Amino acid sequence: MSHLSQRYIQLKKRVFEREFAHLNPQQQQAVFTVDGPLLVLAGAGSGKTTVLIERIGFLLQYGNAYFDDRLPAGFTETEMETMEACFAGDDWRRLLPQFALPTPRPYEVLAITFTNKAAAEIGQRLEAKLPEQAHEIVSGTFHRFCVKILRRTASLLGYGSDFTIYDTDDTKRLITECLKALSLDPKQYAPRAVLSEISNAKNEMLGPDELAKKGVGNFRTEKIADVYRLYQQRLLQNNAMDFDDLIWNTVRILQEFPDRADYYRRRFRYVMIDEYQDTNTAQDLLVHLLTSHYRNLCVVGDDDQSIYRFRGATVENILGFDQIFCDAKVIRLERNYRSTSQILDAANAVIRNNVGRKGKELWTEKKDGVPVHLQTAEDDRAEALYVCSQIQNLAILEKRPFSDFAVLYRTNKQSLSFESTFARSGLPYRIFGGHRFYDRKEIKDLTSYLSVIHNGGDAVRLKRIINLPKRGIGEASVEKAQKLAEYLQIPLFEVCRNATTYPGLGASAAKLAAFAALIDDLRRTLEEVGLNGIVDAIVEKTGYAAYLKETEDNWQDKLQNIEELASSMTAYATEHEEATLGGFLEDAALVSDLDDYNAQAETVTLMTVHAAKGLEFPCVFVVGMEDGLFPSGAALLEREELEEERRLAYVAMTRAKERLELTYAKRRMIHGQTMFSPISRFVTEIPDELLDKPEEESPFRPQTSFGGYTSRTSYSNRSASSPHHLTAAKPTPKPMGMGAGPASKPKADVSGFLVGGRVKHPTFGEGTLLKKTEMGGDVLMEIAFDTVGTKRLMANYARITKCE
DNA sequence: CACGCTCTGCCTGCG
DNA sequence: GCAGAGCGTG
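Since we're looking at a predicted model, the values are computed, not measured. (Residues numbered from 1 in each chain as written. Chains lettered and ligands numbered in written order. Predicted model: local features only at pLDDT ≥ 70, side-chain atom pairs only at ≥ 80, totals over all residues. Heavy atoms only, no water.)

Enquirer: How should the nonpolar core be read in this particular structure?
Expert: Soluble globular proteins tend to bury their nonpolar side chains together. Grouped together as the largest cluster of nonpolar side chains are 68 residues, with contacts concentrated most on Leu-246 and Ile-273. Residues within four places of Ile-273 in sequence aside, it is in contact with Ile-112, Phe-142, Val-287, Leu-297, Cys-298, Val-299 and Val-300. One finds Val-452, Ile-473, Leu-526 and Tyr-572 within the second-largest nonpolar core, a separate group that totals 51 residues. (Core = buried A, V, L, I, M, F, W, Y, C linked by side-chain atoms within 4.5 Å. Buried < 20%, exposed > 50% of the residue type's maximum accessible area, 1.4 Å probe, protein only. Contact = heavy atoms within 4.5 Å.)

Given below as structure tokens:
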């Protein structure tokens, strides 16, 4: 290599490094490496999304400029000197365009994520960074990407392009049907379990025959393979796919139709996959099939955050990436920008105990944090009380909005005690998870109507609504009609429509025909009123509202949910120029509740650790740190399971930016039984010097009149265990908020303060009391101070006096 | 076919 | 401890 060329390359690199100086060296390398296979091991809070966005930006602007080692043709020494002089001056940015190489078109770039939330974030940030090109870049979830391909290619596999996407409820119904058809006892073959085995098989790319072969000699597996075979057959008949099929059928397109495969391979020249540790075998195969031509594949992930093994994700995909691509470049992002060193050291100490990992140690420059706090509570109720009062304390002492706080738990059930405690003390909160909006019964009913209107071939959803509201079509009649449909090889809906022409249907024929007429009528209504009025029309023409009133206690709530469905359809119609019913149903199938998580809302967040992945909060409480709960009892048996739980604990801890508290209850009700569990082994893996452990006893003991002590370590410790201490009688969980946390004070008497009256504060001066709000045994006072403006203070903490 | 009773079986859960 | 499923009866 010539001397000139070396000078040129060196200068070029320095220019780019200066342009991307806001990134650390590892991040820069990840951004500049656009060609060939790249594995980015991105620790929690290491600026992964930023890298992804910057990388796309760099790619679209400069192509493979950074690593290209060619000298422009006819480049001279003089030009080199001009460039170097320019670099030394202020307008060195002028050099950037000169280094640019041919770039891909935006639509040749594909970015795939797992959740809608992540996809939306990427979409927004791309929009902000590259307003011109963002809308052309293909970004979205695996499922959305696959649906897009399948809508165009499904006919090759025998499906219609308007296939329905079945959710868990639909698939469960279909499995139950298949079990019945094969005379299998649903008690021995629980639909849920069968479904999960089928799903696992699909995720590993095993068809019914392969599953049967694998389970030869195993009676149960052989039977499940039979169910699987029938299930797939029926899905096809119903023109429906389950979520796993979306992936697998796309794989089939790429494997079985070379011309299609070739088209997509050339189309997506640059592919990026986020959260690669969450991919299953089918998704991994899809990615490899898609990128086998150009091999410009960048996968980003963190083996330490792989927490979805139970649903088929295999960490091996990310762990073995550099073995499959032996020329892959591996970049580790270990600098964390989120958490304090105390939090990171604790999290590192826990995850270190895992054997099967690439090995990463996060570090930070935030050294000014507080230790991780460990709180012991007598039972789950005391635990909730502690968290509640601690949040109230911190909100006041550190002037934090409630949106700073998150309570993370292992199981959804644990939310109950927090929900009731928070509600009682007026702490605003929001619970995420549990069931999706679109999974609610009334919403499922309505979307089933919509779906039948849209895709008449779908018998599962048709059967869901055929007698709902009750219209005298019993199970026997439906079965007869279905037998007939099978015999005649026509959709069930067609049998209903022409029911009166089949003598075998007897008395129910008229009712079936009336039902079909209703659906046909609704189809015409859809033509007339469009998406905006169709929900109302269904409710009206089916008498659904009356049915709800008759059968449900909380029918008002349910009607309101239906209203919400109607307005979300209207919103969909306005947002999309060519809005169709099919498009809306597709959206409904592919969204989740977490998607509308709003960090701005002034509420405490309650969610499972799983749901919290990818989020961050200034203050995090990880609750229920007990062996048997976290790690879960099932995980205590197998090493692999336990390691997954440990990764889960790692994810939980690394959500915290400033404060991390771990809580543990000595006693707790599980499955209706009081359990006494030892403290979580994950807590014991954290070295003592990183943990701030308060007194042994529950903090909820009646307060003495020694107001204002702040040291919890010596004095209060003793007071609880000392037998002659009169007030240490029995911890009473009654008093809310008070006496909890570090800086407790005696209860202030606020009855003398009148709204509109004048008050005085030692630092803020005089002001007018605007509002008093009861809050967890304390009173929140909103005061308009004369000099410093309006402030919200808790009566028990702020030294407020009346003006005489 | 609707109801009420008993029985069971219980992590996590994207799309 | 509670919810959902399944079963039997009016």
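Enquirer: Help me understand the pairing of strand S6 (residues 270–273) in this model?
Expert: If a strand is regular, its side chains alternate between the two faces of the sheet. Residue alternation in S6 divides its side chains into two sets, Tyr-270 and Met-272 and Val-271 and Ile-273, and both sets are buried. Looking at chain direction, strand S2 (residues 109–113) and S6 are connected through four bridges and run parallel. Residue pairing for S6: Ala-111 is matched across the bridge by Met-272. As paired elements, S6 and strand S7 (residues 297–301) share three bridges and run parallel to each other. Opposite Ile-273, over in S7, you have Val-299 as the bridge partner. (Helix = DSSP H or I, 4+ residues; strand = E, 2+ residues; numbered from the N terminus. Pairing = 2+ DSSP bridges.)

Enquirer: How should I be thinking about empty space enclosed by the protein in this particular structure?
Expert: A probe as big as a water molecule, rolled over the atoms, marks out the empty space that is left. Scanning the model with the defined rule gives seven cavities of 30 Å³ or more in all. One number sums up the size of the largest cavity: a volume of about 210 Å³. Every element with two or more residues in the lining of the largest cavity is listed here: strand S4 (164–165), helix H20 (441–454) and helix H27 (581–590). Per element, the largest residue contribution to the lining of the largest cavity is five residues, and it comes from H27. For the lining of the largest cavity, the residue count by class is six nonpolar, six polar and seven charged. (1 Å grid on protein atoms, 1.4 Å probe; cavity = no way out; pocket = protein on both sides within 12 Å on 5 of 7 lines; lining within 4 Å. Points joined across faces, edges and corners; volume = space filled by probe spheres on them. Nonpolar A, V, L, I, M, F, W, Y, C, P; charged D, E, K, R; others polar.)

Enquirer: Honestly, the protein's contact with DNA strand C in this entry has me stumped. Any pointers?
Expert: DNA strand C sits among Met-669, His-671 and Gly-672. Backbone atoms, meaning sugar and phosphate, make up 33% of the atoms of DNA strand C lying within 4 Å of the protein. For DNA strand C, a base oxygen lies 3.5 Å from a polar atom in the backbone of His-671. (Near = heavy atom within 4 Å. Polar contact = N/O pair within 3.5 Å; in protein donor to acceptor, adjacent residues only side chain to side chain.)

Enquirer: Would you mind going over the sheet that holds strand S3 (residues 138–141) with me for this structure?
Expert: In any sheet, the strands associate via hydrogen bonds between backbone groups, in a parallel or an antiparallel arrangement. If you trace the six strands from one edge of the open sheet to the other, you get S3-S2-S6-S7-S1-S8, paired in parallel fashion. Only two strands of the sheet have a single partner each, and these edge strands are S3 and strand S8 (329–333). On average, adjacent strands in this sheet sit at an angle of 15° to one another, irrespective of strand direction. With four bridges joining them, strand S1 (residues 38–42) and S7 adopt parallel strand pairing. Each residue of the ladder has a partner; that of Leu-38, found in S7, is Cys-298. (Axes fitted to C-alpha atoms, helices over the stretch in contact; angles between N-to-C directions.)

Enquirer: Where do I start with the environment of Arg-647 in this structure?
Expert: If you trace the backbone, Arg-647 turns up in helix H29 (residues 639–653). Sequence spacing of Arg-647 and Ile-351 is 296 residues, and the spatial spacing of their C-alpha atoms is 6.5 Å. The contact partners of Arg-647, leaving out residues within four places of it in the chain, are Asp-303, Asp-304, Gln-305, Ser-306, Ile-307, Val-315, Ile-351 and Asn-354. Looking at Arg-647, its side chain comes within polar contact range of the side chain of Glu-644, at 3.1 Å.

Enquirer: For this particular structure, what's the right way to read helix H12 (residues 243–256)?
Expert: With 14 residues, H12 extends 20 Å from end C-alpha to end C-alpha; this agrees with the ideal 20 Å at 1.5 Å per step. All buried positions along H12 are accounted for by Asp-244, Asp-245, Leu-246, Ile-247, Trp-248, Asn-249, Thr-250, Val-251, Ile-253 and Leu-254. Capping the start of H12, Asp-242 holds a side-chain oxygen 3.1 Å from the backbone nitrogen of Asp-244, two or three residues further along. (Expected span 1.5 Å × (residues − 1).)

Enquirer: What am I meant to see in the packing of helix H9 (residues 191–203) against helix H11 (residues 219–237) here?
Expert: Two packed helices can be described by the angle between their axes and the distance between those axes. One way to put it is that H9 packs onto H11 with a least axis distance of 10 Å and a crossing angle of 80°. As far as their axial angle goes, H11 and H9 are roughly perpendicular. Contacts between H9 and H11 pair Ala-193, Val-194, Leu-195, Glu-197, Ile-198, Ala-201 and Lys-202 from the former with Arg-220, Ile-224, Val-227, Tyr-228, Tyr-231, Gln-232 and Leu-235 from the latter. Residue classes in the contact of H9 with H11 are distributed as 10 nonpolar, one polar and three charged. (Parallel < 35°, antiparallel > 145°, perpendicular 65-115°, else oblique.)

Enquirer: It is not clear to me how the side chain of Ser-306 should be interpreted in this structure. Could you clarify?
Expert: Within the secondary structure, Ser-306 is located in the loop between S7 and helix H15 (316–319). Ignoring any residue separated from it by four or fewer positions in sequence, one finds Ser-306 in contact with Gln-277, Asp-278, Val-315, Glu-644 and Arg-647.

Enquirer: Looking at this structure, I do not really get the packing of aromatic side chains. What am I missing?
Expert: Centre distance and the angle of the planes are the two values used to describe a pair of aromatic rings. Counting across every chain of the model gives 26 aromatic pairs. Aromatic pair Phe-16 and Phe-58: ring centres 5.3 Å apart, planes at 75°, arrangement edge-to-face. Note that Phe-16 is positioned in helix H1 (residues 3–19) and Phe-58 in helix H3 (residues 48–62), a separation of 42 residues in sequence. Residue Phe-16 is classed as buried on the basis of its relative accessible area, which comes to 0%. Residues Phe-422 and Tyr-429 carry aromatic rings whose centres are separated by 6.1 Å and whose planes lie at 70° to one another, so their mutual orientation is edge-to-face. By relative accessible area, Tyr-429 is classed as partly exposed at 24%. (Phe/Tyr/Trp six-rings, centres within 6.5 Å; stacked < 30°, edge-to-face > 60°.)

Nothing here speaks to function; it is geometry throughout.
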